[in-house]
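# Secondary and tertiary structure notes
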Number of protein chains: 2
Amino acid sequence: MTATETRVVGKRLPKLDAPDKVSGRIQYADDLDIPGMLTGAILRSPHAHARIVSIDVSKAEALPGVKAVIHAGNVQQRPFGYGHDNLPLKDRKVRCVGDEVAAVAAIDEATAKRALGLIDVVYEVLPAVVDPLEALEDGAPLIHDERLDIDGNVSMRWDFETGDVDKAAEEAAVIVEGTYSSPLAAPGAIETHVVIASFDRSGHLTVWSPVHMVFMYRKELADTLGLDWGNITIKQPPVGGSFGGKIDIDTHDFICVLLAEAAQRPVKLAMSREEEFIGTRTRQPIHFKLRTGADADGNILFRDTHVISDNGAYNAWGSHAMLVAMNTVTSLYRVPNSRMRCAVVYTNKSYGGSVRGFGNPQSTFAVEQQLEEIADALGRDPMELRIQNANQAGDVTPQGLKITTCGLTQCLESVKEASGWNERRGKMKDRYRGLGAAAFIHVGGGARIYGSDGCGAMIKMDDSGQISLISGSSELGQGSETALAMIVAEEVGVPMSKVRVIHSDTDVKPWDVGVHASRTTFVAGNAARLAAGRARDKLLAAAAEVLGKDDLVIEDGVISSRSEPERAMPYDKAIRRLLLREEGNVIMSTAFYDPPTENQDKGYIGNISATYGFGAHVAEVEVDPGTGQVKLLNLWTAHDVGRAINPSAVEGQIEGGAVMGIGLALTEELPVRVEVGELMAPNLHDYGLPTMVDAPRIHVDLIETNDPLGPFGAKGIGEGGLIPVPAAVANAVADAVGIRPRQFPLRPWKVLDWIQTGETSNVVKGAGRG
Amino acid sequence: MTATETRVVGKRLPKLDAPDKVSGRIQYADDLDIPGMLTGAILRSPHAHARIVSIDVSKAEALPGVKAVIHAGNVQQRPFGYGHDNLPLKDRKVRCVGDEVAAVAAIDEATAKRALGLIDVVYEVLPAVVDPLEALEDGAPLIHDERLDIDGNVSMRWDFETGDVDKAAEEAAVIVEGTYSSPLAAPGAIETHVVIASFDRSGHLTVWSPVHMVFMYRKELADTLGLDWGNITIKQPPVGGSFGGKIDIDTHDFICVLLAEAAQRPVKLAMSREEEFIGTRTRQPIHFKLRTGADADGNILFRDTHVISDNGAYNAWGSHAMLVAMNTVTSLYRVPNSRMRCAVVYTNKSYGGSVRGFGNPQSTFAVEQQLEEIADALGRDPMELRIQNANQAGDVTPQGLKITTCGLTQCLESVKEASGWNERRGKMKDRYRGLGAAAFIHVGGGARIYGSDGCGAMIKMDDSGQISLISGSSELGQGSETALAMIVAEEVGVPMSKVRVIHSDTDVKPWDVGVHASRTTFVAGNAARLAAGRARDKLLAAAAEVLGKDDLVIEDGVISSRSEPERAMPYDKAIRRLLLREEGNVIMSTAFYDPPTENQDKGYIGNISATYGFGAHVAEVEVDPGTGQVKLLNLWTAHDVGRAINPSAVEGQIEGGAVMGIGLALTEELPVRVEVGELMAPNLHDYGLPTMVDAPRIHVDLIETNDPLGPFGAKGIGEGGLIPVPAAVANAVADAVGIRPRQFPLRPWKVLDWIQTGETSNVVKGAGRG
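Residues numbered from 1 in each chain as written. Chains lettered and ligands numbered in written order. Predicted model: local features only at pLDDT ≥ 70, side-chain atom pairs only at ≥ 80, totals over all residues. Heavy atoms only, no water.

## Quick look at the relation of the copies chain A and chain B
With an axial shift of 0.0 Å and an RMSD of 0.0 Å, the rotation relating chain A to chain B amounts to 180 degrees. Look at the turn and shift together and you get a two-fold axis relating the two. Here 100% of the interface residues in chain A have copies in chain B that are interface residues too; the copies meet face to matching face. (Least-squares fit on C-alpha atoms with pLDDT ≥ 70 in both. Contact = heavy atoms within 4.5 Å.)

## Brief notes about the interface of chain A and chain B
By convention, interface size is frequently given as the accessible area that disappears when the constituent parts associate. Listed as interface residues are 63 residues of chain A and, on the opposing side, 63 residues of chain B. Taken over both partners, the interface formed by chain A and chain B buries close to 4,900 Å², and the fraction arising from carbon and sulfur atoms is 54%. Where chain A meets chain B, there are six salt bridges. For Asp-463 of chain B, the salt bridge goes to Arg-218 of chain A, with nearest N and O atoms at 3.0 Å. Taken together, the residues that form the side of chain A that touches chain B break down as 22 nonpolar, 21 polar and 20 charged. (Buried area = accessible area lost by both parts, 1.4 Å probe. Salt bridge = Lys/Arg side-chain N within 4 Å of Asp/Glu carboxyl O. Nonpolar A, V, L, I, M, F, W, Y, C, P; charged D, E, K, R; others polar.)

## Looking at the sheet that holds strand β8 (residues 174-181) of chain A
Within a sheet, each strand pairs with its neighbour through backbone hydrogen bonds, oriented either parallel or antiparallel. All names here are of chain A. With respect to topology, six strands assemble into an open sheet ordered β7-β15-β14-β13-β8-β29, the strand pairing being mixed. With one partner strand each, in any of the chains shown, β7 (154-162) and β29 (763-765) form the two edges of the open sheet. Going across the sheet, the axis of each strand differs from the next one's by a mean of 10 degrees, ignoring polarity. As defined by bridge partners, strand β14 (residues 300-312) adjoins strand β15 (residues 337-346) across ten bridges and the pair is classed as parallel. Looking at β15, one finds that Asp-304 is bridged to Arg-339. Across the face of the sheet, helix α9 (residues 322-331) comes into contact with β7, β13 (286-294), β14 and β15 while running at roughly 155 degrees to β15. (Pairing = 2+ DSSP bridges. Helix = DSSP H or I, 4+ residues; strand = E, 2+ residues; numbered from the N terminus. Axes fitted to C-alpha atoms, helices over the stretch in contact; angles between N-to-C directions.)

## Some points on empty space enclosed by the protein
Residues and elements named next belong to chain B. If you walk through the whole model with that rule in mind, you get 14 cavities of 30 Å³ or more. For the largest cavity, the calculated volume is near 80 Å³. In terms of lining, the largest cavity is formed by 14 residues, of which the most central are Phe-440, Gly-613, Gly-716, Ile-717 and Gly-720. Sort the elements by how many residues they give to the lining of the largest cavity and strand β16 (residues 433-443) lands first, with three residues. (1 Å grid on protein atoms, 1.4 Å probe; cavity = no way out; pocket = protein on both sides within 12 Å on 5 of 7 lines; lining within 4 Å. Points joined across faces, edges and corners; volume = space filled by probe spheres on them.)

## Remarks on the side chain of His-144 of chain B
Residues and elements named next belong to chain B. Relative to the helices and strands, His-144 resides in the loop between α4 (132-135) and β7 (154-162). For His-144, a relative accessible area of 2% gives the class buried. Within the local environment of His-144, its side chain forms a polar contact with the side chain of Arg-95, the two groups lying 3.4 Å apart. In contact with His-144, not counting residues within four places along its chain, are Asp-85, Arg-95, Asn-153, Ala-313, Tyr-314 and Tyr-346. (Buried < 20%, exposed > 50% of the residue type's maximum accessible area, 1.4 Å probe, protein only. Polar contact = N/O pair within 3.5 Å; in protein donor to acceptor, adjacent residues only side chain to side chain.)

## What about the domain arrangement of chain A?
All names here are of chain A. Taken domain by domain, chain A comprises domain 1 (18-25 + 454-593), domain 2 (32-126 + 191-240 + 246-279) and domain 3 (286-448 + 600-760). Between the C-alpha centres of domain 1 and domain 2 the distance comes to 40 Å. At the interface, 17 residues of domain 1 touch twelve residues of domain 2. In total, about 1,300 Å² of surface goes out of reach between domain 1 and domain 2, with carbon and sulfur atoms giving 56% of it. The three residues of domain 1 that bury the most area against domain 2 are Leu-476, Ser-504 and Thr-506, which together make up 39% of that side's buried surface. Summed over the shared surface of domain 1 and domain 2, the result is one salt bridge. (Domains from an automatic or database assignment.)

## Quick look at the environment of Ala-260 of chain B
All names here are of chain B. Looking at the element boundaries, Ala-260 is found in helix α7 (residues 251-263). In sequence terms Ala-260 and Leu-205 are 55 residues apart; their C-alpha atoms lie 9.3 Å from each other. Other than its neighbours up to four places away in sequence, Ala-260 contacts Ala-197, Phe-199, Arg-265 and Val-267.

## Re helix α19 (residues 748-757) of chain A
Residue and element names in this part refer to chain A. Taken residue by residue, α19 has Pro-748, Lys-750, Val-751, Leu-752 and Trp-754 as its buried positions. Buried residues along α19 sit in contact with β24 (612-623) and β25 (630-640). In the stretch just after α19, Gly-758 is the one whose phi turns positive, near 70 degrees.

## Side note on the confidence of the model for chain A
Taken as a whole, chain A shows an average pLDDT of 96; of its residues, 99% reach a score of 70 or greater. Of the two predicted TM-score estimates for the complex, the pTM is 0.97 and the ipTM is 0.96. (pLDDT = per-residue confidence, 0-100.)

Now the structure itself:
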């Protein structure tokens, strides 16, 4: 397939917001100052599980400078979250350390903090359960005893089966089985959560929040607080990183609005770093018990998995990570039979959100280690086995995913070649070095998780030739503003500098489901392209009147006739010729793009995304056998990006994702004190966020498959970079020192322990056939 | 004609921005704080006319805290204004007191002011000419000696003639001749001019300015400073009053941008009250020498006028006030022959802008006094004479104005009746009381003064049912936001609370020529109505799919079938049904409305506006013969408003206009020290701005003529309220004490002088025929 010839798309361009970001000129939410604004602060539970006996706020209310003190007893609130299991301010019980019990708004932070100290809460401490397996035991403390609709602490089940797994297991020549676990981790954005709420004197609420999914956020805000959602404006200041942490509404968002309502003043609520770790959403631990079977020729026959998602105290987005984890189990490589039995379990600790990758790094960690184990058992090269089983364009997976384009084979070939796989894998054990590979599948054309997966776009051109795209999308630092501007510039036929992207105010922008599932370039990009095409057609019609030709093209801002190229005019002049006359007009257009996808049925069957992204990584590690320290030397990556709108930005996304994956693989976790359920070290010093110096050389190869539905062929690529990294690193460690990692991150003491205990093969049937 | 039946239009509703304005919550430009912002200050000429010999800024630059010092020698600037006669920072000469010579940006106001004091400017003072008649004399100092394209100090001529005035004069039974003068006055907004300029690190300029005509402003900014106009965003904070004072660009706007460029920091430039009077645009003095003739039956035969517009040092909008003054001379009442010879003259003083009414109060002062003088000469009642000569629907005036609807007769009848005219006029001289009337014509359907008189509108609906109108228009306090929201609510068929109006950012809003000529309700209203109608049609189509009926109507937000009213659904549900499904859509629409008007030809013939507003006032005064003090006891007003979208707001506009007219009539002027050309008292204490206690009872009668082109029949009414007031008051003074005011304001000492010198009749032919 050859790419459409383009003049802007495909260029390496700097991000539009980069100059102001790197120079510190940009104003994040915490830089905003609304006249009369108060500072909010939240009183949080020190207990993982306790009954609230009483709350006395009288001393706090009496403190000069305090303008509002709120708690469940003096506000109107309704339950929110999946299963309606959460309240902004807890009423009867607290269920994790950090649970919100009361809040104050005061003239400054010191006063607000002092007021928190004056609130008397009497708790009756209850037995807590922090381990999900213990939570499943009979007689375990019931965390949501008020929920009569669930079984014990199991808040949700995800069960899926296609084909006949048991029959496939009988037929399998090789079966590998094992457990694979991931830790409690954090999105780790540098900007903590900050929200500002302000009611005007007509009762209209404006909220400034760096949230991704503004329209859903607005609805949840209104539903939970009994407000009129049509009377709320959400403004999105520039976002200082999110990685899913700011995807939707959090408890403090409701509290900020409640404080603003109680104080009748604007209120800012900014999370401290500690609160960011304790009080906002995490990547929940997931425990996979996976079996994979293959025939003697190396064809994968089945996957069978039991999953426990340790989702914490409440059901936020994290409860739905199985949706994505499942795609990998059923559809990474051709897997005719698959089964998944999953329990999402309540525990008395931080609860899961939608962190970048959303269940997929965990799932891929299990699936891709077993792929190499199967190969080892068969005596096959795992890269060859991957290529043999790779998805291909035209496939429809048993879960119903329609693979329209697929660069997986090319990606595997690319990293195999680049890493010197054939020459080096399994041949560096003497130096404790190894190579490990992993591939991934991820939604690349939106993900239909709501009634609509669409995004609106409006375009207007003015007399200067400036073209404004008003997009429903949101810029989180992922570079969507730049990508969308390029798409519009390309589609209209003007230089990039002529396009401005407006996308941060719900009053102004058309509806969009929000940023998630790597969908912005694909969905918002298609909407922008449609609107741009309509605007361009109007522009050419206007020019046709002047030039007297109807075979017009526009390139680099010049409109000319194909047959008589000397008949030409600048596009902005065409705008003015249309506008500045009697019965004039100005060029505007609108478009809405909802990808042609399906809501999955009750059995989780359905084509959730309009296209799928694929990629493969090879990690090279060196393990210190004395300390267990894993050093990542190289990471070769190849991604099917459909088409790179802006190769530099795509590489940046992949590299950034890879670094996040390296954190997941090697260092990032939030240990919890088991007895009391509190985080041991909620700070950036101890949390293992990788920095520039922790990154090895990351090699990026962009495979362009020109997706027929993608804007100029593009697929979404926002998450792929991190997904295979823990698996690839684990496989590399296996290659280097012959042990099989059961969990990530691969902290030295664990690796050392595995080396010392000889934790190796998971093969339960057909070991050593090769 | 009967009005369309409406549910929102025609209701008395509070202005949407009122709660935040009256509670002080709103943020005007001066309340904005941009991080890193500097304070700017301008060094102004103390001389009315002088050569700039040298400027030394070295001491100012050396002052700690000073970040930029600019003057003509160190900036890039091009001439601006009509005739390109002005520069942001003067280079060779200053031509009025207050002329901008240099400017600084510093960390605070005190430092900026101190720095101004350190700038050494050496002037060579030149003879100044402040009186326009002296400026016309041979040998008068040449103010713009660099302009070789003009004749002496005459910057512009406006000559117009239709019919045969000289022949009509021969045929006339009565001719009245006289001179009528108006003073230098100020728009007098409570908010002074404030501008903020900030370049981002990519070089994109954002300007916050309470200007009316944002797109023109942006172009002028770019043209004058050599910037890319497509790379400039203008944001309009809420405006604290303008009355034309903020219509377009002023010198300080350029200077603020130049300072921001030089300092590479955001800069705010806020005019002090004194600077507001000295350094921003005024209502220029205009001197009419008018002759009016009528036949013995009282039919007006001709008007002949020589006008000198004392336009000050440079040609801003004020130079074009003749455009409006001329409409009144040619087209108020049926006037078959008319002539106008006008010279716009440079003088060494403050120069004219486009203040509310824009030449019309001055013109009406002359025309409507002569109408009563003609009536007196004929022994006719002036109200009857007006009714006899009144314009009627269907008329095309000799200047080409097409009178589509006309409530003038009704207005005259209304104020005649309400004021007890027949019983009281001419019958209260014993108590020194009198009644005087005046009518007006003014553009009411836009005014085509540029290539386009159009306005764009975009509408989007979201899942909550919120409807956003993104309008090209601007809210200056005139209430357009509320009127536009009502128009959209009416046209879609939803409650007013569902509509939000967005109109303050050039990146977001579609093109509009800007606020002037009472055009917003008419032009922006029509654009909004068109867009709303298109959106409603999409909404009904969406509902038709659900309800299975195609005879749907929407009322109060409920969509139902005409034939089966029980088939119904809330409109917001229809939005969601359309959106939240596979292949969904969201409702958006766009529209551009450019009224069907003509650019006037070189002879000033052409239908400049799509409709015309009319009105009549009767003033009742009591004159103190010992002091000359004129007390206004009552003001009866009747206005042809087409249709009152919001009667309370229309009345408020008329009352506010009337109070402004009262200031013009009685107190407002800026005396100039003749020798040196400086304002005697540039402060609100001495400037005669009327306050609540100066307002008499103002009676408002709204005459609805349901203009066929107006949105729901509305005409523009923003300026009418003030136009006839000086004339009506002068006529009332004539009725009370028998003298004929030659100029306004009618300050006591002038009235006393006229009473003492017996300044009375202007009748030059046919006196006392009645």
